[in-house]
Amino acid sequence: MKYYIFAPSMNKKEVGHYHQTEDVVFPIKLHEPPYSGRFTKGEFLDFNPEVQITLHKKAFLTDFIDGSPQGFGIFLNDKVKELLKGFHLPPHKYHPIKVMHKGEQIAGYYWLHFFVDLYQFIDREMSFYELIDQSTKEVSLNGKIESEGQMYQIFKKYGGDFRINIKYHFMSQMPKYDLFANNIHVGYKYMSEKLVDMIKEKQITGYDFVEAKNLFFEIEENE
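Definitions and cut-offs
- Residues numbered from 1 in each chain as written.
- Predicted model: local features only at pLDDT ≥ 70, side-chain atom pairs only at ≥ 80, totals over all residues.
- Heavy atoms only, no water.
- Salt bridge = Lys/Arg side-chain N within 4 Å of Asp/Glu carboxyl O.
- Helix = DSSP H or I, 4+ residues; strand = E, 2+ residues; numbered from the N terminus.
- Buried < 20%, exposed > 50% of the residue type's maximum accessible area, 1.4 Å probe, protein only.
- Core = buried A, V, L, I, M, F, W, Y, C linked by side-chain atoms within 4.5 Å.
- Contact = heavy atoms within 4.5 Å.
- Phe/Tyr/Trp six-rings, centres within 6.5 Å; stacked < 30°, edge-to-face > 60°.
- Lys NZ or Arg CZ within 6 Å of the ring centre and 35° of its normal.

**Student:** Hey, could you go over the pattern of salt bridges for me, with residue numbers and the actual values?
**Tutor:** For the structure shown, the criterion picks out 2 salt bridges. In this structure, the salt-bridge partner of Lys-144 is Glu-125, at a minimum N-O distance of 2.8 Å. One end of the pair, Lys-144, is in strand β9 (residues 139–144); the other, Glu-125, is in the loop between β7 (104–114) and β8 (128–133), and 19 residues separate them in sequence. With relative accessibility at 39%, the residue Lys-144 sits in the partly exposed group. Since its relative accessible area comes to 60%, Glu-125 is described here as exposed.

This is the structure we're talking about:
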């Protein structure tokens, strides 16, 4: 199964202005206790936070909107929500949000919060990381993915000066999700080729896609 990394479009002909969002207001701090611990364990809010997005005055209104907090989901509209009903998603929840565009409130947008713990599906003997020195472009350190705490310390210590590449080898127990986020290398989100093809067919706007060549799955070829 082929996957793609997807990220907010930088094409000004499509989004008008990059970044689209001038301001994103969350009434809670997702990266701080008590919410940070809950999100990293896949828990969902039992209330709808009053999230408000204000688009840049030059931005176009698109189906996906950038500005969603890293690793905690995506912003999308009713059109995308309806399309996703036909695909296999991880545990998730939709929260209605307020989108302001040129002084008007636009209805029908959501924060889709979803989560999957990749650590439980990784073959740790075959998955590894490497640090690329930003100045020399050479591999300075590499090793196997041993634990969540280990990777957290590596990101904390080397994240500023090195590019961190990770090869993921998933066991056959990994569900064949069409959409999932990376809770190891936070910020990356993936879509299946099937979902990307449908997004292109339906002319869903706001995101770009690049093939993810660092994901490997232990699955039968005839599945």
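Still to come is the rest of the account.
**Student:** So what about the nonpolar core? Which residues, and what values?
**Tutor:** Among the nonpolar cores identified, the biggest contains 24 residues, and Met-151, Ile-166, Tyr-168, Phe-170, Phe-180, Ile-184 and Leu-215 are the most heavily contacted of them. Sorting the residues of this core by element identifies β8, α4 (148–158), β10 (162–170) and β14 (215–217) as the ones contributing at least two each. Of the residues forming this core, the biggest block, 5 residues, is contributed by β10. What Met-151 contacts, discounting residues up to four positions off in sequence, is Tyr-119, Tyr-129, Ile-145, Ile-166 and Ile-184. In this structure, Tyr-94, Leu-195, Ile-199 and Tyr-207 belong to the second largest nonpolar core, which totals 23 residues.

**Student:** Describe the packing of aromatic side chains, listing the residues and the values that go with them.
**Tutor:** Scanning the entire structure with this criterion turns up 12 aromatic pairs. Judged by centre distance (5.2 Å) and plane angle (85°), the ring pair of Phe-26 and Trp-111 falls under edge-to-face. With Phe-26 in the loop between β2 (21–25) and α2 (35–40) and Trp-111 in strand β7, this residue pair connects regions lying 85 residues apart in the sequence. The pair Phe-26 / Trp-111 is uniform in exposure class, with both members buried. Connected via pairs of aromatic rings, a cluster forms that spans Tyr-3, Tyr-168, Phe-170, Phe-180, Tyr-190 and Phe-217. Lys-81 extends its terminal NZ or CZ atom over the ring of Tyr-110, reaching a point 4.3 Å from the ring centre. Directly above the aromatic system of Phe-216 lies the positively charged group of Lys-167, at a separation of 4.9 Å from the ring centroid.

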